Structure formats: C-alpha cells, structure tokens
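# Examination of the molecular architecture
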Amino acid sequence: MTATSSVSKKNTRIRRDVSDKVYNDLHNRIGTALTATGNEHLYSKAMVMIDSYLTDRTLPSANTDNFLQTIFLLLKPEIDRAIDRSARARQRAVKRTIESRKHQATPSALSPEHCTIPILDNIELYDRDTAPEPAPLLNRRMRRMMEQERQRELRRKAKATVRNAHGHDCGRG
C-alpha cells in the first residue's frame, strides 16, 4: 500500500526563474547535443552548470570543459531572455491577483448593510418591491459566457428566420 502525500503538487515544485517549458527544453536540447557529439558523460555537469546559473547566476568557472562553456555561452542569451520573460509574467500575475482581490471585496462593500448613503424612506414614489436590484459584478468568465450565449441565441434566431424565409419561398409548408 502506498502512502499519499498531503502536500499539493504546486507546493512541491522547485521554483525556478524560468518556466518549466523552457527548463525542460534546455535539458532536452543539451542532452541531444551531448549525445550527438558523443559527450553523454558531460550531461550531469552541464545540468549542474545550468541549474547553478538559474538559481544564483553563477557563471561556469575557468576550468570548466571547453565544450560545456561553448554550450553555456550559446544558451546564455536565450536563458537571460527567458528569465526576463518569466519575471514580467510573474509581475503581471501578481497584478491580476491584487486586482481580482479588489474586485472580490467590492460586492460585499456595496451590500445594503455596509452602505453609508442614507436611504430615502420618506419618498412615496420609491417602491422597494419594484425597485430594480443592483446588477451583480460579474467576473470576466461569466461576462464571456453571457456574451457567448447571447451570440448563440442571435444565431439561432437568424437561422430560424432564414429557414422560415426559405420555407415560404420554396412553396414548402
């Protein structure tokens, strides 16, 4: 019987300064290059070199194998671009998270219990039973689903109109 871990996969991931896709691509390309040149024995050294650069920007030492230095120098600009790209993506993700938290807090702040605007109870024209409910704030996914449903309904109506038009034009009944 195997024990299951209570730690989520997200928490067990090693955080790198590049995406997993880029990291795996680097490993595959280095492995392919070393295998093609008959230098498979350098694979672990190459991975340590790349990993140390990704974690603390350590450059290969002067006594590193020339072949590994060449591979590193060829990949370094690409790695640096990937690091910059991932940093920008993380900044955007933080910004989105902050904005979504602000939007999530907004509906509860607008609820009638927390409203600081005085409600005009003495106006006779105002009827609470027939007053429109405030429109709920919808997230992007819900707005998109509503828009898609609206478009779908318009297409159905247009299709039905065309069918009716053709049905009458062709003498079908």
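Residues numbered from 1 in each chain as written. Predicted model: local features only at pLDDT ≥ 70, side-chain atom pairs only at ≥ 80, totals over all residues. Heavy atoms only, no water.

### Quick look at the overall build of the protein chain
Tallying secondary structure elements over the protein chain gives five helices and zero strands in all. The helix and strand sequence of the protein chain, counted from the amino end, reads α-α-α-α-α. Burial statistics for the protein chain: of 173 residues in total, 16% are counted as buried. The long-range share in the protein chain, meaning contacts at least 24 apart out of those at least 6 apart in sequence, stands at 55%. Taken as a whole, the protein chain presents about 14,700 Å² of accessible surface, with 56% of it coming from carbon and sulfur. (Helix = DSSP H or I, 4+ residues; strand = E, 2+ residues; numbered from the N terminus. Buried < 20%, exposed > 50% of the residue type's maximum accessible area, 1.4 Å probe, protein only. Contact = heavy atoms within 4.5 Å. Areas by Shrake-Rupley, 256 points an atom, 1.4 Å probe, with all protein chains shown as cover.)

### Comments concerning the environment of Ser52
Within the secondary structure, Ser52 sits in helix α3 (residues 43-56). Not counting the four nearest positions on each side in its chain, Ser52 is found in contact with Arg57 and Thr58.

### Quick look at the side chain of Thr64
Inspection of the secondary structure puts Thr64 in the loop between α3 and α4 (66-109). Sequence-distant contacts of Thr64, that is, excluding residues within four places in its chain, are made with Met49 and Gln69.

### Considerations on the pattern of salt bridges
Summed over the entire model, instances satisfying the criterion amount to eight salt bridges. Note that Asp17 and Arg57 form a salt bridge whose closest N and O atoms lie 2.9 Å from each other. Of the two residues, Asp17 sits in the loop between α1 (9-12) and α2 (20-36) while Arg57 sits in the loop between α3 and α4, which places them 40 residues apart along the sequence. Its relative accessible area of 23% is what places Asp17 among the partly exposed residues. We classify Arg57 as partly exposed; its relative accessible area is 33%. When the shortest N-O distance is used, the salt bridge between Glu153 and Arg156 registers 3.2 Å. Here Glu153 and its partner Arg156 are both found in helix α5 (residues 140-169), three residues apart, which amounts to about one turn of the helix. Taken together, the shared-partner salt bridges in this structure form one network comprising Glu149, Arg152, Glu153 and Arg156. (Salt bridge = Lys/Arg side-chain N within 4 Å of Asp/Glu carboxyl O.)

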